[in-house]
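Take a look at the letters that make up each chain.
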Amino acid sequence: MKVRDLGALDGPVLLYGGVYSNLRAGEALVRRAGALGIPAGRMICTGDIAAYCADPGESVDLVRRRGGAVVAGNCERQLAAGAGDCGCGFADGTACDLLSRGWFAHADGAVGEEARAWMAALPDVVRFSQGGRRYAVIHGGVKDISRFIWPDSPDAVFDEELDALQRLVGPLEGVIAGHSGIAFQRRVAGVHWVNAGVIGMPPHDGRPQTRFAVLTDGQAVVHRLDYDWQAARAAMQAAGLTQGYHDALASGYWPSEDVLPASLRRPPRAARVQGSFLASG
């Protein structure tokens, strides 16, 4: 596995992932980093730059120019290899699997050879220190780049990943991850696990804002990112990417819950309707 060491980073570190070809969200993140006084040298992306939305090539260019260090996601690995699918970890025949065929074909057709060569050279792990604390950044998992790790995944899942990661890079105080699309924090075996979320798609919570995190002196804060989702949605429509993710930018809900654990799924429609009546009363 490829490991890149950034050394000691002094000052807040902006952590983000899943640009998902959402150029408007990427541009908004760069502006937000500027407002926070965080330079590209203290920004780290957990991967999956080119995915669901309309502007894969432009998003890759933006991250390369202004988005800091990047860990390879499954999308980067698959595009670099010229593979025919996203390698996202979706079960065969599920709605997520079927929907991915449309957006991955769009990304595959828009990313040039020079960008693929850059993707092929990306590390699997980035490590750094902040205030004497040691951190490693991965995409999904070390044992499986497309592993979905959720806020309520069993301790054994985290233990397995931490063991593999620390065998690779040494003792850690923190891990930064992505892939699942849901930001969360959890402490396992004395290690602070932070999923920084994604900026290209809302976290299935009914609001269009997306997520990123800032790490300061051992404390991670997850932030909401406001951006021009209307323009991003219009760009998807113009590109013919109307399989459902374009509506997710507006509604805040993913077009399928196949990949989500039960705890993160929306309640059945009848329960939602009943709940709305109770709330209005």
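If you're wondering where the values come from, they're calculated on a predicted model, not measured in any experiment.

Turning next to a nonpolar patch on the surface. Taken together, the side chains of Met1, Val3 and Leu168 present a nonpolar region at the surface, about 260 Å² in accessible area. On the secondary structure map, Val3 appears in strand β1 (residues 3-8). Assessed through its relative accessible area of 35%, Val3 is described here as partly exposed.

A separate point is the confidence of the model for the protein. On average, residues of the protein score 93 in pLDDT, and 94% of them reach the 70 mark or higher. Every residue in residues 270-281 scores below 50 in pLDDT, and together they form two contacts with partners more than four places removed in sequence or on other chains.

Below, the discussion takes up the state of the cysteines. Under the defined criterion, the tally for this structure stands at one disulfide. A disulfide bridge connects Cys86 with Cys88, and the sulfur atoms are separated by 2.2 Å. Cys88 gets classed as buried once you look at its relative accessible area, which sits at 7%. Here Cys75 is not disulfide-linked; the sulfur of Cys88 is the nearest cysteine sulfur, at 4.7 Å. Accessibility expressed as a relative area gives 1% for Cys75, which makes it buried.

For Gln130, the location among the structural elements is in strand β5 (residues 125-130). Of note is the side chain of Gln130, whose polar atom sits 3.0 Å from the backbone oxygen of Leu215. Residues contacting Gln130, with those up to four places away along its chain left out, are Leu9, Gly11, Pro12, Val13, Tyr135, Leu215, Thr216, Asp217 and Gly218.

Ranked by size, the top nonpolar core spans 54 residues in total, and within it Leu14, Tyr16, Tyr52, Trp103 and Met201 carry the most contacts. Ignoring any residue separated from it by four or fewer positions in sequence, one finds Tyr52 in contact with Tyr20, Phe90, Trp103, Met201, Met236, Leu241 and Tyr245. If you look at the next biggest cluster of nonpolar residues, it comprises 18 residues, including Val125, Phe158, Ala177 and Val188.

To continue, consider the sheet that holds strand β4 (residues 69-70). Read from one edge of the open sheet, five strands run β4-β3-β2-β10-β11, paired in mixed fashion. Edge positions in the open sheet fall to β4 and β11 (219-225), since each of these has one partner strand only. Where strand β2 (residues 13-16) and strand β10 (residues 210-216) come together, three bridges link them in antiparallel fashion. Paired with Leu15 across the strands is Ala213, a residue of β10.

Evaluation of the coordinates by the stated rule reveals 15 salt bridges. Arg127 is the partner of Asp5 in a salt bridge, and the nearest nitrogen-oxygen pair spans 3.4 Å. Of this pair, Asp5 sits in strand β1 while Arg127 is found in strand β5, placing the two residues 122 residues apart along the sequence. Connected through salt bridges with shared partners, the residues Asp205, Arg207, Arg211 and Arg224 form a single ionic network.

The rules we used
Residues numbered from 1 in each chain as written. Predicted model: local features only at pLDDT ≥ 70, side-chain atom pairs only at ≥ 80, totals over all residues. Heavy atoms only, no water. Patch = residues over 30% accessible without salt bridge, like charges linked within 9 Å, V, L, I, M, F, W, Y side chains within 5 Å. Areas by Shrake-Rupley, 256 points an atom, 1.4 Å probe, with all protein chains shown as cover. Salt bridge = Lys/Arg side-chain N within 4 Å of Asp/Glu carboxyl O. Helix = DSSP H or I, 4+ residues; strand = E, 2+ residues; numbered from the N terminus. Buried < 20%, exposed > 50% of the residue type's maximum accessible area, 1.4 Å probe, protein only. pLDDT = per-residue confidence, 0-100. Contact = heavy atoms within 4.5 Å. Disulfide = S-S within 2.5 Å. Polar contact = N/O pair within 3.5 Å; in protein donor to acceptor, adjacent residues only side chain to side chain. Core = buried A, V, L, I, M, F, W, Y, C linked by side-chain atoms within 4.5 Å. Pairing = 2+ DSSP bridges.

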